[in-house]
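Coordinate analysis (summary)
What follows is each chain in one-letter form.
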Amino acid sequence: MKLYQNGVYLLNGSLLLEDAGDAAAAVKNKIGREITKEQAKEQTIAYRILKSHNTSGNMDELQIKFDKLTSHDITFVGIIQTARASGLDKFPIPYVLTNCHNSLCAVGGTINEDDHMFGLSCAKRYGGIYVPPHQAVIHQYAREMLAAGGKMILGSDSHTRYGALGTMAMGEGGPELVKQLLGQTYDIHMPGVVGVYLTGAPAKGVGPQDVAIALIKEVFANGYVKNKVMEFVGPGVSNLSVDYRIGIDVMTTETTCLSSVWKTDDKVKEFYEIHGRDGDYEELNPGEAAYYDGMIELDLSEVKPMIAMPFHPSNAVTIDELNANLLDILDDCEKKAQVSFNGAVNLNLKEKVRDGGFYVDQGIIAGCAGGGFENICDAADILDGKSIGSDEFTLSVYPASMPVYMELVRNGAAAKLMGCGAVLKTAFCGPCFGAGDTPANNGFSIRHSTRNFPNREGSKVQNGQIASVALMDARSIAATAANKGRLTSAADVDAVFTKPKYFFDKTIYENRVFDSHGVADSSVEVKMGPNIKDWPKMCALTDNLLLKVVSEIHDPVTTTDELIPSGETSSYRSNPLGLAEFTLSRKDPAYVGRAKEVQKAEKAREEGGQPYEALPELKDAVDAVLTKFPEANEKNTGIGSTIFAVKPGDGSAREQAASCQKVLGGWANIANEYATKRYRSNLINWGMLPFIIKEGTLPFQNGDYLFLPGIRKAVLEKQDTIAAFVAKDGGLKEFQLSLGDLTDDEREIILKGCLINFNRKSE
């Protein structure tokens, strides 16, 4: 795999020319005419799609309106509640509400099904589409029923990626969907576009997850595609089935790219025909001379079966490398676990080495990444006539939709899997976020799913539990299962892949999915279960801020799972106050208590009292502030909390990673950088200041108070540098912060306290 260090021209879809030396002359020589770099940038597929959806008239500053929206049952309640608080009367574009996360209704009594009934009633009242539990995972339904060539879809799940079908899709926090529901726009700078030039064809046994993990390994740490669009081109694309392309595409989220799109061909056209949507196909190719801001050149034939070791998809090696260096690599994982879990528990993987092999405890093929038709059929062929054994090892398979499941039954693949001892389950995202198939303590699970962050398998470190996940392709998981849990590469098994044709039967959807066809019925009452709560009142940004640092995180990257855990906490996504109790619970269990103590002072201030009577320790900080800023008082100075993290926000699009901090009185985050645009946008939409501080020695530590004089004015006047002070030991020590680029609307959202206030005030 080669990563170009300069921009690259793609000529006639098949010739790469690096932007070095006299590239313009070379381009003219090849295509017979002059073309500027700016003109060539307009010939990417991504540029053309973005231009057709941009409403600003300025391709440097985009204001995007999407064609369709999609959410699942741990995001749509909060989104619709926010939009309702801002005057929503109907869904202006198709909005699909799936129910693939809290599907099991296993935690919290009635609250999961209450959320589902909320969704169904909202689909009726506001004119949406409701997909009941177990019918399809969010992204598979979108592929089957929503995607269309040249269109754009916004989803409240980070793996909203339908680029293989010619649809540019993005996963964002809920407030960005709220904006679309209210007729507003998705505002971004024109993103860079990085080409992924594919050649060759995958070797036998190499699946899409192997290609995806190899890509993530190369580009995650160096930020090569961060917040950019990945555009897949080159002759190798035609050597991949559409299912295979989808399997690579969905994992591009883990590179931290903004979105993805692929060139399309007759195979994609056939996909739409199979699904009865011939008219949604559009042939997409880059122009005669397209310019890319970067280029990844990948020979598919060189990819080997991969494994992403705990605790990140980029922590990857080939399976052969792992088996050849078992003890060293496993020891490294154990040391990383000590860091991730602050020594609270001990991960012991080396004990799983027996007779020179590594024995895993569990295999899972599931969700939007693993649950596709071809993945499961190939796994079934590997396991045909085999046994997974009667010891610890287990294998669960979750087809991504009922139509996929139905076809697996009809063509015999389901019988092959059941016969070997595997368990087939319904469409459910639980194995991807820790709400299903949690292994035993110290268990090691291999999964064809999207992520393997800490606790993604469902264990609870605070209860002394630890387990871990490695990501692998369905084919190597099946090979391992056939070897009764001994880690095995699919390249090492002699299987005949039957490659059965897929037939899509939409009868299930016709019988079970509620589709309003865009007709809203205002007579329908929204069903509100007892756990569904409104957002608490949030005040506007005050002239000054006094913030206490209540958590300090120095991990290289902090995931949204660590900011607000997934798993059983998902049942409380409809209850802002209830969910907030879990904030940082697996990373900094003392955070909630510290934040609540500070919040008492702010509540006292808002009620006209003396803040330091509610929080006596505050008086020393206030006295220090008054030595330099005597005009600061309880009327013009808000009191709240903040956290520092080196690089927060990798992973999920969940807005609750930010909103839970806000509910507990958080006013800001301070970071060296933000891992994703999604998390930074979530902070802004919840009225939190996304501060940046230069890398190096921090001028403050956990427990310190920070004073930000004139912060409201600084936001209003678009100041590049924000003066801040550590209030400590009776004095003030100055340091500098910045906010980075903010649109005018983003500044207004922060000034008004949150997106809800922004929309309430602008009705």
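Thresholds applied
- Residues numbered from 1 in each chain as written.
- Predicted model: local features only at pLDDT ≥ 70, side-chain atom pairs only at ≥ 80, totals over all residues.
- Heavy atoms only, no water.
- Helix = DSSP H or I, 4+ residues; strand = E, 2+ residues; numbered from the N terminus.
- Rg over C-alpha atoms; globule rule 2.2 N^0.38 Å.
- Buried < 20%, exposed > 50% of the residue type's maximum accessible area, 1.4 Å probe, protein only.
- Pairing = 2+ DSSP bridges.
- Axes fitted to C-alpha atoms, helices over the stretch in contact; angles between N-to-C directions.
- Contact = heavy atoms within 4.5 Å.
- Parallel < 35°, antiparallel > 145°, perpendicular 65-115°, else oblique.
- Left-handed = near helix turned anticlockwise from the far one by under 90°.
- Nonpolar A, V, L, I, M, F, W, Y, C, P; charged D, E, K, R; others polar.
- Salt bridge = Lys/Arg side-chain N within 4 Å of Asp/Glu carboxyl O.
- Phe/Tyr/Trp six-rings, centres within 6.5 Å; stacked < 30°, edge-to-face > 60°.
- Lys NZ or Arg CZ within 6 Å of the ring centre and 35° of its normal.
- Core = buried A, V, L, I, M, F, W, Y, C linked by side-chain atoms within 4.5 Å.

**So, the overall build of the chain**
When helices and strands are counted, the chain shows 29 helices and 34 strands. In summary, the chain has a C-alpha radius of gyration of 26 Å against a globular reference of 27 Å for 763 residues, a match within 12%. Within the chain, buried positions represent 63% of all 763 residues.

**A word on the sheet that holds strand β30 (residues 666-671)**
Spatially, the seven strands line up as an open sheet ordered β31-β30-β28-β26-β32-β33-β34, and their pairing is mixed. In the strand order of this sheet, the two ends are held by β31 (689-692) and β34 (731-737), each with one partner. For this sheet the average axis-to-axis angle between neighbouring strands, irrespective of direction, equals 30°. Alignment of strand β28 (residues 637-645) against β30, held across five bridges, turns out to be parallel. Bridge pairing links F644 to I670 in β30. The strands touched by helix α25 (residues 656-663) within the sheet are β28 and β30, with β30 carrying the most contacts at an inclination of about 130°.

**Some thoughts on the packing of helix α4 (residues 76-85) against helix α7 (residues 174-181)**
Where α4 contacts α7, the two axes come as close as 9 Å, and the packing angle between them is 45°. It follows that α4 is oblique to α7 by the angle criterion. For the pair α4 and α7, the sense of crossing is right-handed. Residue-level contacts link I79, T82 and A83 of α4 to G174, L177, V178 and L181 of α7. Partitioning the contact of α4 with α7 into residue classes produces five nonpolar, two polar and no charged.

**Thoughts on the sheet that holds strand β8 (residues 152-155)**
On the basis of which strands lie adjacent, the open sheet formed by six strands has the order β9-β8-β5-β6-β7-β25 and mixed pairing. Edge positions in the open sheet fall to β9 (168-171) and β25 (514-515), since each of these has one partner strand only. Pairing analysis gives three bridges linking strand β5 (residues 68-71) to β8, with the strands arranged parallel. Opposite L69, over in β8, you have L154 as the bridge partner. Across the sheet, α4 lies against β5 and β6 (95-98), angled at about 140° from β6, the strand it touches most.

**So, unusual backbone geometry**
The phi torsion of most residues other than glycine is negative, and most of the peptide bonds are trans. Backbone torsion omega between P310 and F311 reads 10°, so that peptide bond is classified as cis. In this fold, F311 is placed in the loop between β16 (306-308) and β17 (316-318). In this structure, H134 takes a positive phi of about 75° despite not being glycine. With respect to the element layout, H134 can be found in the loop between β7 (129-131) and α6 (138-145). With a phi angle near 55°, D729 is a residue other than glycine that sits in the positive phi range. Mapping D729 onto the fold places it in the loop between β33 (722-728) and β34.

**Section: the pattern of salt bridges**
Within this structure, the stated rule accounts for 37 salt bridges. Here D331 makes a salt bridge to K335, at a shortest N to O gap of 3.2 Å. Pair noted here: D331 and K335 are both in helix α12 (residues 326-340), with a separation of four residues, about one helical turn. Using a relative accessible area of 25% as the deciding quantity, one classes D331 as partly exposed. A salt bridge links D588 to R594, with the nearest nitrogen and oxygen atoms 3.1 Å apart. The exposure class of D588 is buried, given its relative accessible area of 12%. Three or more residues are tied together by salt bridges with common partners; here these are D331, E334, K335 and K350.

**A short note on α6**
Within α6, seven of the eight residues are buried, which leaves the element mostly enclosed by the surrounding structure. Those residues of α6 that sit buried are I138, H139, Q140, Y141, A142, R143 and E144.

**A closer look at the pairing of strand β3 (residues 15-18)**
Note: strand β2 (residues 8-11) against β3, four bridges, orientation antiparallel. Within the sheet, the bridge partner assigned to L10 lies in β3 and is L16. Between β2 and β3, which pair antiparallel and follow one another directly, the connecting turn spans three residues, one of which, N12, has a positive phi of 55°.

**Observations regarding the packing of α4 against helix α5 (residues 111-126)**
In the contact formed by α4 and α5, the axes pass within 10 Å of each other and the chain directions differ by 45°. Our classification of the angle between α4 and α5 gives oblique. Seen along the crossing, α4 lies across α5 with a hand that is left-handed. Contacts between α4 and α5 pair F76, V77, I80, Q81 and R84 from the former with D115, F118, G119, C122 and Y126 from the latter. Grouping the amino acids of the contact of α4 with α5 by side-chain chemistry returns six nonpolar, two polar and two charged.

**With respect to the pairing of strand β20 (residues 362-365)**
Of the two faces of β20, the one holding Q362 and I364 and the one holding G363 and I365 are both buried throughout. Examined bridge by bridge, β20 and strand β21 (residues 394-397) share four bridges and lie parallel to one another. Opposite I364, over in β21, you have S396 as the bridge partner. Note that β20 and strand β23 (residues 444-448) share four bridges and pair parallel. The partner of I365 across the bridge, within β23, is H448.

**Quick notes on the packing of aromatic side chains**
For the coordinates displayed, the defined rule picks out 20 aromatic pairs. Each ring, one from F91 and one from Y95, has its centre 5.0 Å from the other, and the planes form 75°; the classification is edge-to-face. The structure contains a cluster of three or more aromatic residues connected by ring pairs, namely F91, Y95 and Y126. A cation over an aromatic ring shows up here: R354 above the ring of Y359, its NZ or CZ 4.1 Å from the ring centre. A cation over an aromatic ring shows up here: K501 above the ring of F503, its NZ or CZ 6.0 Å from the ring centre.

**Some points on the nonpolar core**
Among the nonpolar cores identified, the biggest contains 150 residues, and Y95 and I296 are the most heavily contacted of them. For this core, the element with the most residues is helix α14 (residues 373-383), which contributes seven residues. With residues up to four places along the chain from it excluded, the contact list for I296 reads M1, K2, L3, V194, G195, V196, Y197, L215, V219, Y224, V225 and M230. Counting residues in hydrophobic clusters, the runner-up holds 42 residues, among them I553, I643, A657 and L664.

**Examining the environment of I388**
One can find I388 in the loop between α14 and β21. By relative accessible area, I388 is classed as buried at 5%. If sequence neighbours within four positions are ignored, I388 has contacts with L383, F393, T394, L395, C420, G421, A422, A481 and K484.

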